[in-house]
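Chain residues, written in single-letter form:
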Amino acid sequence: MPTNAGTSLSSYKHIVAIGTTVKSESLESAAYEIPRKRKMRSDSAAVSGNSVSTPKKLKSHLPSSVPNPGMSEKEVVEDSNEILRYPVNLAVSDCLGTKSKWSPRDEEQMRAVKEALHVSKAPSTILCREDEQIRIFEFVKGCIDQQKAGSLYICGCPGTGKSLSMEKVVQQVGDWSTQAGLPPVDTLSVNCTSLSKTTDIFSKILGEIKPGKNANTNSSPLQHLQNLFSQKQESSSSRMMLIIADEMDYLITKDRGVLYDLFMLTTLPFSRCILIGVANAIDLADRFLPKLKSLNCKPMVITFRAYSKDQILRILQERLRVLSYVAFQPKALELCARKVAAASGDMRKALCVCRSALEILEIETRGSTGPESQGPTPDDSVVRMDHMAAALSKTFKSPVVETIQSLPQHQQIIICAAAKAFRGSKKDATVGELNKLYLEICKSWMISPAGITEFTNMCTVLNDQGILKVGQARRDKLKRVSLRVDESDITFALQEIRFFRNCLL
Amino acid sequence: MASTPRAKTFKSPTKTPSNIYRKSYLSPSSTSHTPQTPETHTPLRRSARHVSRKIDLGNDPIDAPGNDPIEGMNLIRKRERAPRKPTTDVVPSKSKKTETPKKKKKIDSFTPVSPIRSETIKKTKKKKRVYYNKVEFDETEFEIGDDVYVKRREDSNSDEEEDPEIEDCQICFKSDTNIMIECDDCLGGFHLKCLKPPLKEVPEGDWICQFCEVKKSGQSQTLDLPKPPEGKKLARTMREKLLSGDLWAARIDKLWKEVDDGVYWIRARWYMIPEETVSGRQPHNLKRELYLTNDFADIEMECILRHCSVKCPKEFSKASNDGDDVFLCEYEYDVHWRSFKRLAELADGDSDSDQEWNGRKEEEVDDSDEEMELDDEVLKSKRGGLTSARGGANSRKGRFFGVEKVGMKLIPEHVRCHKQSELEKAKATLLLATRPKSLPCRSKEMEEITSFIKGSISDDQCLGRCMYIHGVPGTGKTISVLSVMKNLKAEVEEGSVSPYCFVEINGLKLASPENIYSVIYEALSGHRVGWKKALQCLNERFAEGKRIGKEDEKPCILLIDELDLLVTRNQSVLYNILDWPTKPNSKLVVLGIANTMDLPEKLLPRISSRMGIQRLCFGPYNHTQLQEIISTRLNGIDAFEKTAIEFASRKVAAISGDARRALEICRRAAEVADHRLNTNKSAKNQLVIMADVEAAIQEMFQAPHIQVMKSVSKLSKIFLTAMVHELYKTGMAETTFDRVATTVSSICLTNGEAFPGWDILLKIGCDLGECRIILCEPGEKHRLQKLQLNFPSDDVAFALKDNKDLPWLANYL
């Protein structure tokens, strides 16, 4: 949880407590968490409000509600009839009949679960994005029906299924156009990061429209495209073209020429382009292409919102449903969904957390095989709350406290000096000033101080660790230093060491 | 082969045993450059040789004394007879027993098609083997790393009976003690007196025999070499046979005995003659040039004829008197990619961490030197996969072998000739470049890395993943990953882990971040292309699942050191690299190493989202860990007092926790102690004590300004004292030159020094300003210029207090 750095002292104590309990008394902690959850299951709002592991503050980050929950349910039923496209699903569906019992020691099963949870395995149906998908599809369909160009901009946070949905839409469009008997649609999917030059996108488009006619050297690909779209074409080559530019913001140049030209292609009288741009920034079109508005060709914007906890839970369940065995406790999945939704709503992260929880379980079972030969109780062969909590704390826990505690002593003194210096309204100081404070502390404790070069080195190391922020300056001594962690964190971390207690009080 | 300019059909009647002949080896140095094969830049080899001696790598580096050549020769001959026994069909009884099965084995292990010798690696089933480092076989010692001649085929030893050490003169067909000279063109030997006109001594510079001279000048009627007298056949030396392809040369890579039938085997690493490479013999190839290949074969010891000597160019240029079996090897030839790599470059072109890494291999070999350890090492039939794995990860592959080779020859000479004292040993082992035998205090992290990599590559699918390793400098990040990879490599050889290819990249070594694409592509395919093309190919490879060339479906592990240097303005390089593992079929595992803890958070959210959550932190070492690291390194060397080590490690742990620094301090302390013990011979304690460590720490941690202040001129000292005095008086850090000058004049006056005058004082102020002992206000130099001490006044006081010239300075400080 990135926001943790700013939270109060008490939240730290709590997180630390989780981290320690999981190892030492994992069973106990599971025992005390599960009943509490169960009690509150009837009211989900209460769970998120009172849940120990989700700080209250973060609740405001939660997306307010699931869009059209009823409708998406219907979709799921429809979509589940679809043919399973992916080999993994086929393989798993084969063993559905056997109803094998899940055991973390079975490598085959473990592998199947891991694979189902891997980012690269696209699920057969994309849950919770049906609405957006339909809107994109309708847009493309409308454009193709009317044989007119158009542009669309899709934005959303990382890990919200934008690219995946686009793949699906392209497939749907292909299916639809063959069913409707229309000429097939040329599709060009470009990830803009893989272009070595931004203007390469035009040559790629041209190559898609007129394959094999790259020999034209006297005009640039862009000019060629512009000519092509501003003149009436003979009907044979008038197929529609779907251009999907993933990570579109990589096309932003200083003068924004490339992006502008790209969108302008759709406004040309005989253009056949349907341009769909995908990026993170919500206002890319507004910010960088104000001129488009005046030309009345502002792209339509579809926003992919961060997943809510229900959505994440559903997606995780859907991914695991193809397996014939239960690997995760439902509660554990819910915990994961809640935490991830509160932090970022990034699906990739949720999958990673699940996998790391699975690995924790794997290590645990592997460790327990040696001493006790008898089979484990059925309860501990699935991923429980405590595993998930451990994985989550590994992911989201801010390691500031442990980092500070493990630092060498002189670096701790520097942090201590900085905390003292920035206690008031002062927010930054130069390295020279900080050095003076450091020398004072050293003197008061009769420690021989490190030299100035050593001191600046230590500041750089602390900068690397994200504790101090050292600015740029020509001279070492004049660099501005500011603290990047909360003072209360430092106090809390250094309290443990008697040496510093007096200093900070 | 066709260009080997000699016909070998002469007969010689007798074989005279000993002679002294003289040859000078010269190289065709001025030749046109051809692009296919690298050209050897070898200094000319041009001295004469009076004693013909067999090269014996292991045993006698000392030259045989020149005063009694005949006796020397006999001795040598006696020794030489033995290794030839097996080859001359005077089969000893032991080998006779296994005669018939061996024949069969030999035949199937010797396929006549030379370029694919690696296929002859026997698919050994589970067999017990005992591995040795040294084997005495037919009274000759063979050691790992030795170069040997190997019989090529059973049928090609028609003239096997004679194996002349000393070749016959090309004119008189006698080999005797007269000095011989070697033609630089045909490598034939000639007695000086047989030449027309006879030569008195070996000429300086190139020398070409009359026959070759005629051939070269392009005259119509060629001057044929004289026919040998009837009944005598000119014996071909091993060297001739090798260079004409009838023999093979190889380096011994492993030695073992099959426990079942007691037959000794070696794993041979082949040398190739230029004719066998893809580009054939080029004009710039030397006559005696060989290429080391990455091609291996398991062969029986019986096939070894005897030692030869393959040298790197530097040694080769010196080895002019070493006889006929000297060869030059400067390049490695990759039989899979058909590319050349320079061995010497590979050896020294690495960063220190890599060298540490490579050094370990040698050490480990040395460790097990003494006893024949009984290993139950079982080689499974994954062999083929392994060799191709090497081919894939060629960025490492070349280095491994290259260094191994050079090191194996160089190290013994240095180490064995000189008995090291304990302190010297300690110094050597504390060098940063010396690779430790084990890595203490990082076992948890290494375990985590191992389980991460194994978990990623052991599945059939090999789901792509990503791990970010961070930690402050000197905490063993890179070395841990590399040793994990080494252990994995060993497991691959055992067959318990499926083969993979490993690409290691250091961000600092890339010319630009984009270059990483080319480097990765070269590592995977062996071809070098521009980064744009490489990016395209890699995208196809990882995102779309197309395979590069004939590469099979192996997972790829990519280690990127100093990951933060790949951050470009729009971060597209990192995006692409971290996006590949999220694609299906990519089979890519990325390990990123950097110092910064919060690098993923500093990156764009889309990149940190793809980076996943696998993080591993290498914290700074605490003093007990540092102590353990140092004592592990010094294991078995009694050079340090325990308290000294503890002192050093505590000192370092308090400031940075950097293991490199702790080692440096200890090494420096050992040097200080060495110096102390040398000057004071009476010291009974030969250990490094606390005081030495203290001195080393003073040198390293203490800022140099005190030293500078102690050694500045008298007037400068007075100037500084005045500034300190001024500071004490006013309490203001900043002062003007005007005030300081006034103080200086008053100080001088009271202590009977002559006031130097303002000009000189101003100059002194400027000088101190340039040393940055004081800070001067930039701009013009004038009276009201503001001055400030750059260091705390305590430091100045400390530096100037006990001054012998100016004892009164202390009054003002």
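Quick summary incoming for the structure in this document.

Rules used throughout
Residues numbered from 1 in each chain as written. Chains lettered and ligands numbered in written order. Predicted model: local features only at pLDDT ≥ 70, side-chain atom pairs only at ≥ 80, totals over all residues. Heavy atoms only, no water. Helix = DSSP H or I, 4+ residues; strand = E, 2+ residues; numbered from the N terminus. Buried < 20%, exposed > 50% of the residue type's maximum accessible area, 1.4 Å probe, protein only. Contact = heavy atoms within 4.5 Å. Areas by Shrake-Rupley, 256 points an atom, 1.4 Å probe, with all protein chains shown as cover. Salt bridge = Lys/Arg side-chain N within 4 Å of Asp/Glu carboxyl O. Phe/Tyr/Trp six-rings, centres within 6.5 Å; stacked < 30°, edge-to-face > 60°. Lys NZ or Arg CZ within 6 Å of the ring centre and 35° of its normal. Polar contact = N/O pair within 3.5 Å; in protein donor to acceptor, adjacent residues only side chain to side chain. Pairing = 2+ DSSP bridges. Axes fitted to C-alpha atoms, helices over the stretch in contact; angles between N-to-C directions. Parallel < 35°, antiparallel > 145°, perpendicular 65-115°, else oblique. Left-handed = near helix turned anticlockwise from the far one by under 90°. Buried area = accessible area lost by both parts, 1.4 Å probe. Nonpolar A, V, L, I, M, F, W, Y, C, P; charged D, E, K, R; others polar. Core = buried A, V, L, I, M, F, W, Y, C linked by side-chain atoms within 4.5 Å.

### Here we look at the overall build of chain B
Turning to step 1, where the next piece is worked out: Helices and strands together make up the secondary structure of chain B, namely 27 helices and 22 strands.
Turning to step 2, where the next piece is worked out: Counting all 813 residues of chain B, 56% fall into the buried class.
Turning to step 3, where the next piece is worked out: Sequence separation of 24 or more characterises 74% of the internal contacts of chain B that already satisfy a separation of 6 or more.
Turning to step 4, where the next piece is worked out: Approximately 35,600 Å² of chain B is accessible, and the part contributed by carbon and sulfur atoms is 52%.

### Points about the pattern of salt bridges
Residues and elements named next belong to chain B.
Turning to step 1, where the next piece is worked out: One pass over the full model with this rule turns up 39 salt bridges over all chains.
Turning to step 2, where the next piece is worked out: Glu493 is the partner of Lys254 in a salt bridge, and the nearest nitrogen-oxygen pair spans 3.5 Å. You can see Lys254 sitting in strand β8 (residues 247–258) and its partner Glu493 sitting in helix α13 (residues 477–494), a full 239 residues away along the chain. As far as burial versus exposure is concerned, Lys254 and Glu493 are alike and both buried.
Turning to step 3, where the next piece is worked out: Here Arg610 makes a salt bridge to Asp579, at a shortest N to O gap of 2.8 Å. In this pair, Arg610 sits in helix α18 (residues 605–611) while Asp579 sits in helix α16 (residues 572–579), placing the two residues 31 residues apart along the sequence.
Turning to step 4, where the next piece is worked out: On the accessibility criterion, Arg610 (9% relative accessible area) is buried.

### Some points on the packing of aromatic side chains
Turning to step 1, where the next piece is worked out: Counted by the stated rule, this structure contains 14 aromatic pairs over all chains.
Turning to step 2, where the next piece is worked out: Relative to Tyr812 of chain B, the ring of Trp808 of chain B has its centre 6.4 Å away and its plane inclined at 85 degrees; by these criteria the two rings are edge-to-face. Of the two residues, Trp808 of chain B and Tyr812 of chain B, both sit in the buried class.
Turning to step 3, where the next piece is worked out: Put simply, the rings of Tyr517, Trp531, Phe542 and Trp580 of chain B touch in pairs and so form one group of aromatic residues.
Turning to step 4, where the next piece is worked out: Directly above the ring of Tyr307 of chain A sits Arg129 of chain A, whose terminal nitrogen or CZ lies 4.2 Å from the centroid.

### Re the environment of Tyr438 of chain A
Residues and elements named next belong to chain A.
Turning to step 1, where the next piece is worked out: With respect to the helices, strands and loops of the structure, Tyr438 is situated in helix α20 (residues 431–444).
Turning to step 2, where the next piece is worked out: Looking at Tyr438, the relative accessible area reads 0%, which means it is buried.
Turning to step 3, where the next piece is worked out: Sequence separation of Tyr438 and Ala417 is 21 residues, and the distance between their C-alpha atoms is 5.7 Å.
Turning to step 4, where the next piece is worked out: Residues contacting Tyr438, with those up to four places away along its chain left out, are His410, Ile413, Ile414, Ala417, Pro449, Ala450, Phe455 and Met458.
Turning to step 5, where the next piece is worked out: Side-chain polar atoms of Tyr438 contact the backbone nitrogen of Ala450, separated by 3.1 Å.

### Re the sheet that holds strand β7 (residues 468–470) of chain A
Residue and element names in this part refer to chain A.
Turning to step 1, where the next piece is worked out: In spatial order, the strands read β6-β8-β7; together these three strands make up an open sheet with antiparallel pairing. Single-partner strands in this sheet number two, and they are β6 (428–430) and β7. Put simply, the sheet's adjacent strands are angled 30 degrees from each other on average, direction ignored.
Turning to step 2, where the next piece is worked out: Relative to strand β8 (residues 480–483), β6 runs antiparallel, the two being bridged by three bridges. Paired with Thr430 across the two strands is Arg480, which belongs to β8.

### Considering the sheet that holds strand β16 (residues 501–506) of chain B
Residue and element names in this part refer to chain B.
Turning to step 1, where the next piece is worked out: If you trace the five strands from one edge of the open sheet to the other, you get β16-β17-β18-β15-β19, paired in parallel fashion. Two strands in the sheet have a free side with no partner beyond their single neighbour: β16 and β19 (615–618). Going from strand to strand, the sheet's axes swing by 15 degrees on average, the running direction of each strand aside.
Turning to step 2, where the next piece is worked out: Pairing of strand β15 (residues 465–471) with β19 involves four bridges; the strand directions are parallel. Along β19, the bridge assignment pairs Ile469 with Leu616.
Turning to step 3, where the next piece is worked out: Against the sheet, helix α14 (residues 515–525) engages β16 and β17 (556–561), with an angle of about 150 degrees to β16.

### What about the environment of Ala268 of chain B?
All names here are of chain B.
Turning to step 1, where the next piece is worked out: Here Ala268 shows up in strand β9 (residues 264–272).
Turning to step 2, where the next piece is worked out: The class of Ala268 is buried, set by a relative accessible area of 0%.
Turning to step 3, where the next piece is worked out: Spatially, the C-alpha atoms of Ala268 and Asp298 are 6.1 Å apart, while their sequence positions differ by 30 residues.
Turning to step 4, where the next piece is worked out: For Ala268, the contacting residues outside a window of four places in its chain are Ala250, Arg251, Asp295, Phe296, Ala297 and Ile299.

### Quick look at the packing of helix α19 (residues 409–421) of chain A against α20 of chain A
Residues and elements named next belong to chain A.
Turning to step 1, where the next piece is worked out: Relative to each other, α19 and α20 sit at 115 degrees, their axes nearing to 9 Å. Classified by the angle their axes make, α19 and α20 are roughly perpendicular. Read as a crossing pair, α19 and α20 show a hand that is right-handed. Across from His410, Ile413, Ile414, Cys416, Ala417, Ala418 and Ala421 in α19, the residues of α20 making contact are Leu434, Leu437, Tyr438, Ile441 and Cys442.

### So, the interface of chain A and chain B
Turning to step 1, where the next piece is worked out: With 48 residues of chain A at the interface, the matching set in chain B holds 50 residues.
Turning to step 2, where the next piece is worked out: Interface area for chain A against chain B, summed over the two sides, is near 4,100 Å², with a carbon-plus-sulfur share of 51%.
Turning to step 3, where the next piece is worked out: Linking chain A to chain B there are six salt bridges.
Turning to step 4, where the next piece is worked out: Note that Glu454 of chain A is salt-bridged to Arg661 of chain B, the shortest N-O span being 2.6 Å.
Turning to step 5, where the next piece is worked out: Applying the counting rule to chain A against chain B returns 16 residue pairs in polar contact (both at pLDDT 80 or more).
Turning to step 6, where the next piece is worked out: Of all the secondary-structure elements, those providing two or more residues to the side of chain A that touches chain B are α6 (107–116), α16 (347–369), α18 (400–406), α19, α20 and α21 (452–464) of chain A.
Turning to step 7, where the next piece is worked out: The element contributing the most residues to the side of chain A that touches chain B is α16 of chain A, with seven residues.
Turning to step 8, where the next piece is worked out: Here the side of chain A that touches chain B is composed, by residue class, of 12 nonpolar, 20 polar and 16 charged.

### Focus: the packing of α19 of chain A against α21 of chain A
Residues and elements named next belong to chain A.
Turning to step 1, where the next piece is worked out: For the pair α19 and α21, interaxial distance at closest approach is 10 Å and the crossing angle is 80 degrees. One finds that α19 runs roughly perpendicular with respect to α21. Between α19 and α21, the contacting residues are His410, Gln411, Ile414 and Ile415 on the first element and Phe455, Met458, Val461 and Leu462 on the second.
Turning to step 2, where the next piece is worked out: The residue makeup of the contact of α19 with α21, split by class, is six nonpolar, two polar and no charged.

### Overview of the nonpolar core
Turning to step 1, where the next piece is worked out: Counting residues in each nonpolar core, the largest one holds 71 residues, and the members touching the most others are Leu434 and Leu468 of chain A together with Phe719, Leu720 and Ile774 of chain B.
Turning to step 2, where the next piece is worked out: Considering every element that reaches this core, the biggest residue donor is α19 of chain A, with eight residues.
Turning to step 3, where the next piece is worked out: Other than its neighbours up to four places away in sequence, Phe719 of chain B contacts Phe737, Val740, Val744, Leu761, Ile764, Gly765, Leu768, Ile774 and Leu787 of chain B.

Any functional reading would require information beyond the geometric quantities listed.
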